[in-house]
Amino acid sequence: MSDKTAQTSFSAKFEEVPNVPPRKPKNDAVRSREHLTPDEVDQLIQAAKNIGRHGHRDATLIMIMYRHGFRVSEAISLRWDQIDLKAGVLHVARRKKGTPATHPLRGPELRSLRQLQRDYPDTPYLFVTERGGPMTERTGHNIIQRAGKAAELAFPVHPHQLRHACGYYLAAKGHDTRAIQAYLGHRNIQHTVKYTELSPGRFRDFWQD
């Protein structure tokens, strides 16, 4: 082998690898479950309240997403004409061909929404930027991830965990699968069954200690 050939072969070993983005790790490699517990949601809400100048807005976003099983895209699209604070109802519009519904609003939500309306007047959207425009999905993701870090949860948090948390909470309370399906706007009940299948209530009477 000539000196030139040997040098080329040696150099080839150290050629730069193409700039290929790293593969996203599977969810089960990052966290042991894809939903949050009610206590973890409360920790998120409390953490969000204490971050930055929009703490109340961010905490309200998390609360509304959790209690109504919203995707982040659905939550940032909410308009005040979907809310009836006097009657205490929320008209829910779903994405991904989901079925619409009308949800009741409880006391904590009503109080938070009234404060939100006072903080950000003269805008058709619930969750807005400082300029009064609707919040972006990226901002919604960042708010929730930042709250997860501030709450010092044991795993990275993403917005869809709030929707799953809603489903698991309702199933654990023993609510009918069809009712949960309607509440979350699932067209296919198989998307709802995963919550009831993992509900601990199914096994409550297995042991009589």
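Just above, that's the structure.
Residues numbered from 1 in each chain as written. Predicted model: local features only at pLDDT ≥ 70, side-chain atom pairs only at ≥ 80, totals over all residues. Heavy atoms only, no water.

## Brief notes about the nonpolar core
Inference 1: Leu36, Leu113 and Leu162 are the most contacted members of the largest nonpolar core, which totals 41 residues.
Inference 2: Those elements that place two or more of their residues in this core are helix H3 (38-49), helix H4 (55-68), helix H5 (72-76), strand S2 (89-92), helix H6 (107-119), helix H7 (137-150) and helix H8 (160-172).
Inference 3: With seven residues, H4 is the single largest residue contributor to this core.
Inference 4: If near-sequence neighbours (up to four positions away) are discounted, Leu113 is found in contact with Thr60, Ile64, Trp80, Ile83, Leu85, Leu105 and Leu126.
Inference 5: Counting residues in each nonpolar core, the second largest holds seven residues, with Cys166, Ala171, Leu184 and Tyr195 among its members. (Core = buried A, V, L, I, M, F, W, Y, C linked by side-chain atoms within 4.5 Å. Buried < 20%, exposed > 50% of the residue type's maximum accessible area, 1.4 Å probe, protein only. Helix = DSSP H or I, 4+ residues; strand = E, 2+ residues; numbered from the N terminus. Contact = heavy atoms within 4.5 Å.)

## Digging into the packing of aromatic side chains
Inference 1: Counted by the stated rule, this structure contains two aromatic pairs.
Inference 2: An angle of 65 degrees between the planes, with centres 6.4 Å apart, marks the rings of Tyr66 and Tyr169 as edge-to-face. Remark: Tyr169 occurs in helix H8 and Tyr66 occurs in helix H4; sequence separation between them is 103 residues.
Inference 3: The class for Tyr66 is buried, based on a relative accessible area of 12%.
Inference 4: Its relative accessible area of 36% is what places Tyr169 among the partly exposed residues.
Inference 5: For the ring pair Tyr168 and Tyr195, a centre distance of 4.8 Å and an interplane angle of 90 degrees mean the geometry is edge-to-face. Of this pair, Tyr168 sits in helix H8 while Tyr195 sits in helix H10 (residues 190-197), and the two are 27 residues apart along the sequence.
Inference 6: Residue class for Tyr168 comes out buried when judged on its relative accessible area of 17%.
Inference 7: Looking at Tyr195, the relative accessible area reads 1%, which means it is buried. (Phe/Tyr/Trp six-rings, centres within 6.5 Å; stacked < 30°, edge-to-face > 60°.)

## Concerning helix H9 (residues 177-184)
Inference 1: Along H9, the residues that are buried comprise Ile180, Gln181 and Leu184. For H9, the angular spread of the buried residues around the axis is 105 degrees, confining them to a single face.
Inference 2: The backbone nitrogen of Arg178 lies 2.9 Å from a side-chain oxygen of the residue at the head of H9, namely Asp176.
Inference 3: Directly beyond the C-terminal end of H9, a positive phi value near 80 degrees is found at Gly185. (Arc of directions from axis to C-beta. Polar contact = N/O pair within 3.5 Å; in protein donor to acceptor, adjacent residues only side chain to side chain.)

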